[in-house]
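Observations on the three-dimensional arrangement
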Amino acid sequence: MSLHEECGVFGVYAPAGTAVASLVYYGLYALQHRGQEACGITVNDDGLFYSYKDLGLVGDVFAGDKLAKMPQGNMAVGHVRYSTTGGSDRKNCQPIEVNHQKGRMAIAHNGNLSNSYELKNKLELDGAIFHTTSDTETIAYIITRERLRSESIEKAVEKAMYIIEGAYSLCVMSPGKMIACRDPHGFRPLCYGRCEDGSYVIASESCALSAVGAVFVRDLLPGEIVVFSKDGITSITAHCKTKPKKTCIFEYIYFARPDSKIDGISVHEARRRAGHILAEYYPVEADVVIGVPDSGLDAALGYAEKSGTPYGIGLIKNKYIGRTFISPSATSRVDKVRIKLSAVESTVQGKRIVLIDDSIVRGTTSGRIVKLLREAGAKEIHMRVSAPPFLHPCYYGTDIDSEEHLIAFKLRTEEIKDLIGVDSLGYLPKEKLSELTGTNEFCSACFDGKYPTSVPLNMPKNKFEQKISKGSEA
């Protein structure tokens, strides 16, 4: 598939003198799958903030002595980014820092505001000057404005949540506090854990807690604000249960790492169940079931278990390339799919294959994978997709901003089958989504068009980077 990920946030509140930057570094490594365009870390050393951020993977950005040069401190916040609002530019790297009359603030954000366009326009009319094109800066402005009117940073966050709409899991750091915040719908995951030395760790996914030796405590409730300070842990629930819970179902299908749990639900088990459902709905005589690495593997295992068809490794992923790999030049004739994936000929040659992938977005990547398997000698290819057809844009943090980019919006399933070159094609039925998680508390607007918030009228991914139209004033 060619859908891009969310972002990932990670924060540490620790005893003074802890190497918090190193903890964040390893936490971001565990969240690298959520964003591979950019990353950054901000350390709080007794109220002084030290930041480093740049385009690239965590290991590349913090290569050499960059990490060692950061102070120890007692708090730090980090971010891995894939651009959903605002382009891939160093100025949009997070965390974003703000210096204001009542002190400093650093913020890392996973999600996408559905009313950021309107908010940014209002802020600019009030004199705000924006330095990035990310909607995270809009959140930072709103919180800062409310902080100037409030007795505490947590009260400012609480007030800001009445204004901002859409998906946001936030890690906010002030000179003396670390704050975790999840939007009232709970679109994006956020949890926290505790280390043996008494440190607390905030992360987008539970897998990142394990990476730094933290024990999972719990997920944040939708709408909850959790404050970590010298006075202990405080929970603010003013926004809890004010809106229906709508966790993004695609977290379970694709975004999250399979060893994570979100709201107590295993991502691995959700994907296995998807494979079981596909085997029930679309049985076929086949010799082997294979998955497209990485997020198609769990569903492929589930399909094999339910169907009795042997599971095999038919595609190998080059693990030294991020998902955002770009050819060295625009004119390169090298197929990027061939750089990322190679077929295991001994598994597929002369075989009838069930190929499992997590989705088909535009169709080009699927077609190239099918061609790769045909060239390796696959006799038949029956594709099964562990998500329903993508029919609508997402306004909550995924880079699908227009129906014109979605192949299932333009073509029927049979036409898609012919276009990508498979012998048969089956999608997960929409009505079976609830069986993946055992609940109905999820957002599936990209499949059914039922949006939990008002739909923005002007929401292209690069909405803050449009060229000035002719005739407009400079």
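The model shown is predicted, which means the values in this text are computed figures rather than measured ones.

Cut-off values and rules
- Residues numbered from 1 in each chain as written.
- Predicted model: local features only at pLDDT ≥ 70, side-chain atom pairs only at ≥ 80, totals over all residues.
- Heavy atoms only, no water.
- Helix = DSSP H or I, 4+ residues; strand = E, 2+ residues; numbered from the N terminus.
- Rg over C-alpha atoms; globule rule 2.2 N^0.38 Å.
- Buried < 20%, exposed > 50% of the residue type's maximum accessible area, 1.4 Å probe, protein only.
- Contact = heavy atoms within 4.5 Å.
- Lys, Arg positive; Asp, Glu negative; His and termini not counted.
- Charge placed at Lys NZ, Arg CZ, Asp CG, Glu CD.
- Pairing = 2+ DSSP bridges.
- Axes fitted to C-alpha atoms, helices over the stretch in contact; angles between N-to-C directions.

Observations concerning the overall build of the protein chain
Looking only at helices and strands, one finds 16 helices and 23 strands in the protein chain. For the protein chain, whose C-alpha radius of gyration is 23 Å, the value lies close to the compact-globule estimate of 23 Å for 474 residues. Each of the three principal axes of the protein chain carries a C-alpha extent, and together these read 70 × 60 × 45 Å. Burial statistics for the protein chain: of 474 residues in total, 58% are counted as buried. When contacts within the protein chain are restricted to residue pairs at least 6 apart in sequence, long-range pairs at least 24 apart make up 70% of them. Across the protein chain, 57 positive and 57 negative side-chain charges occur, with their mean positions spaced 1 Å apart.

Here we look at the environment of L209
Considering the arrangement of structural elements, one finds L209 in helix α6 (residues 206-211). Look at L209 and you get buried, because its relative accessible area is 0%. It is 17 Å that separates the C-alpha atoms of L209 and T18, two residues lying 191 residues apart in sequence.

Structural notes on the sheet that holds strand β11 (residues 215-219)
Judged by pairing direction, the sheet is antiparallel, and its seven strands sit side by side in the order β3-β2-β4-β1-β10-β9-β11 without closing on themselves. Of all strands in the sheet, those bounded by a partner on one side alone are β3 (48-55) and β11. Going from strand to strand, the sheet's axes swing by 15° on average, the running direction of each strand aside. Where strand β2 (residues 38-45) and strand β4 (residues 75-81) come together, seven bridges link them in antiparallel fashion. Opposite A38, over in β4, you have R81 as the bridge partner. On the sheet, helix α1 (residues 20-30) packs against β1 (8-13), β2 and β4 and is oriented at approximately 25° with respect to β4.

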